[in-house]
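Chain by chain, the residues:
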Amino acid sequence: MIPNLVASDEFNRKKGEAALPLVWQWNHNPDNALWSVTERKGFLRLKTGRIDTGFLQARNTLTQRTIGPTSSASVALDVSKMKDGDFAGFSAFQKEYGSVGVKIDAGQKSIIMITTDNDKPVEVKRIPLDQDQIYFRIDCDFTGMNDEANNLYALNGKDEASFFYSLDGKVWKPIGRPLKMKYSIPHFMGYRFALFNYATKNIGGYADFDYFHINYK
C-alpha cells in the first residue's frame, strides 16, 4: 500500500504500529531520546535537550508537506510543562518561515507570531496567555491563474500562508500577517507544516501535541 502524501494524526498508536507514519519527516536527524508518542498516550511529546538560538537550528522539528492548491492544518498543544525560554508551536517552514506558538518569558506564557524579513526572524504579534491548552492553524493558498491554452499552471500564484490561534479549538482568530511563501534552494523541499519545541534558556521542558489535522483540496 502506498501511503498518502499527507495525513492527519491523532498520535494514538496501537501495538505494532510505527511510531511515525511515512508522511512525517524530521527536519534534522532527530535525537530519539527527546521525542515520544508513548510517554503520554495520544500525544506527540517534544522534549528539549539543548539550547538553540532559533527555529532553524531546532533539532526535533517534525514536518509534513504542504499541498496545493489549498491546504489547512491545525494542532492542539499542551504547554503546561514548558520551561522559561521555551518556544513551541506550529510553522509554515522553509528558509523564510512563519511560526505561531507559545513562548515562556519570566514565567509568563504568550502567544507569538514570528515571520522572516531578509532572513531574520521578526516578532509580529504577542498576546498574553493564561491557560495551558492552545490551538494553532495555518492556511496555505497556492492558487494561481490557469493557462488552459498551453496546459500550464502559473508559477506566480498567491503562495500565502495565514496564521490563526484558538483558545477552545472552535473560534479561530487571525494573528500576525500572512507569509509570502518563497521557494529557495537552501531548503529545496518546499514549504512544510512543522511542529516544534526548542529551548533558549533551560533544557528539560516539554510540549505535548494532541493531534495534527490536515484538510486539502
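Please refer to the structure placed before this passage.
Residues numbered from 1 in each chain as written. Predicted model: local features only at pLDDT ≥ 70, side-chain atom pairs only at ≥ 80, totals over all residues. Heavy atoms only, no water.

1. Thoughts on the overall build of the protein
Point 1. A tally of helices and strands in the protein yields zero helices and 17 strands.
Point 2. For 217 residues, the compact-globule formula gives about 17 Å, and the C-alpha radius of gyration of the protein, at 17 Å, lands near that figure.
Point 3. In terms of overall dimensions, the protein has a C-alpha envelope of 60 × 45 × 35 Å along the principal axes.
Point 4. Counting over 217 residues, the protein shows a buried share of 48%.
Point 5. The contacts of the protein with a sequence gap of at least 6 include a subset with a gap of at least 24, amounting to 65%.
Point 6. Of the roughly 11200 Å² of accessible surface on the protein, a fraction of 52% belongs to carbon and sulfur atoms.
Point 7. On the protein, the mean spot of the 28 positive side-chain charges and the mean spot of the 25 negative ones are 3 Å from each other. (Helix = DSSP H or I, 4+ residues; strand = E, 2+ residues; numbered from the N terminus. Rg over C-alpha atoms; globule rule 2.2 N^0.38 Å. Buried < 20%, exposed > 50% of the residue type's maximum accessible area, 1.4 Å probe, protein only. Contact = heavy atoms within 4.5 Å. Areas by Shrake-Rupley, 256 points an atom, 1.4 Å probe, with all protein chains shown as cover. Lys, Arg positive; Asp, Glu negative; His and termini not counted. Charge placed at Lys NZ, Arg CZ, Asp CG, Glu CD.)

2. With respect to the pairing of strand S7 (residues 98–105)
Point 1. The buried count for S7 comes to seven of eight residues, which makes it a mostly enclosed element.
Point 2. In this sheet, S7 lies alongside strand S6 (residues 87–93) in antiparallel orientation, the contact comprising six bridges. What sits directly across from alanine 92, in S7, is glycine 98.
Point 3. As consecutive antiparallel partners, S6 and S7 are separated by four residues.
Point 4. Direction of pairing for S7 relative to strand S8 (residues 108–117): antiparallel, over a ladder of eight bridges. The residue bridging isoleucine 104 from the neighbouring strand is lysine 109, located in S8.
Point 5. With antiparallel pairing between neighbouring strands as the criterion, S7 and S8 make up a hairpin whose turn holds two residues, including alanine 106 at a positive phi of roughly 50°. (Pairing = 2+ DSSP bridges.)

3. A short note on the nonpolar core
Point 1. If you look at the biggest cluster of nonpolar residues, it comprises 43 residues, and the most contacted ones within it are Leu44, Phe90, Ile134, Phe136, Phe163, Leu195 and Phe212.
Point 2. What leucine 44 contacts, discounting residues up to four positions off in sequence, is Phe11, Trp35, Ser36, Val37, Leu62, Leu195, Ala207, Asp208 and Phe209.
Point 3. Residues Phe93, Ile112, Ile114 and Ala194 belong to the second largest nonpolar core, which totals 10 residues. (Core = buried A, V, L, I, M, F, W, Y, C linked by side-chain atoms within 4.5 Å.)

4. So, the sheet that holds strand S16 (residues 192–198)
Point 1. Here seven strands make up an open sheet; going across it, the order is S1-S4-S16-S6-S7-S8-S9 and the pairing antiparallel. A strand with exactly one partner marks an edge of an open sheet, and here the two such strands are strand S1 (25–26) and strand S9 (120–129).

5. Re the pattern of salt bridges
Point 1. Tallying each qualifying case throughout the model produces 16 salt bridges.
Point 2. A salt bridge links glutamate 123 to arginine 126; the shortest N-O distance between them is 2.8 Å.
Point 3. Relative accessible area serves as the criterion here: at 40%, glutamate 123 is assigned to the partly exposed category. (Salt bridge = Lys/Arg side-chain N within 4 Å of Asp/Glu carboxyl O.)

6. Observations regarding the packing of aromatic side chains
Point 1. Under the counting rule described, the total for this entry stands at 12 aromatic pairs.
Point 2. Between arginine 137 and the ring centre of tryptophan 172, over which it is positioned, the NZ or CZ distance is 5.2 Å. (Phe/Tyr/Trp six-rings, centres within 6.5 Å; stacked < 30°, edge-to-face > 60°. Lys NZ or Arg CZ within 6 Å of the ring centre and 35° of its normal.)

7. Let's talk about the environment of tyrosine 198
Point 1. If you trace the backbone, tyrosine 198 turns up in strand S16.
Point 2. For tyrosine 198, a relative accessible area of 8% puts it in the buried group.
Point 3. Once the C-alpha coordinates of tyrosine 198 and arginine 50 are considered, the two residues, 148 residues apart in sequence, prove to be 7.9 Å apart.
Point 4. Sequence-distant contacts of tyrosine 198, that is, excluding residues within four places in its chain, are made with Thr48, Asp52, Gly54, Phe55, Ala58, Gly85, Asp86 and Phe87.

8. Let's talk about the environment of glycine 169
Point 1. One can find glycine 169 in the loop between strand S13 (160–166) and strand S14 (173–174).
Point 2. With a relative accessible area of 29%, glycine 169 lands in the partly exposed category.
Point 3. Each C-alpha atom, one on glycine 169 and one on aspartate 105, is 24 Å from the other, the two residues being 64 residues apart in sequence.

9. Comments concerning the side chain of serine 99
Point 1. You can see serine 99 is positioned in strand S7.
Point 2. Exposure remark for serine 99: the relative accessible area of 1% places this residue in the buried category.
Point 3. A polar contact is formed between the side chain of serine 99 and the side chain of serine 91, at a distance of 3.0 Å.
Point 4. Excluding its chain neighbours within four sequence positions, the residues that come into contact with serine 99 are Phe55, Phe90, Ser91, Ile112, Met113, Ile114, Phe163 and Phe196. (Polar contact = N/O pair within 3.5 Å; in protein donor to acceptor, adjacent residues only side chain to side chain.)

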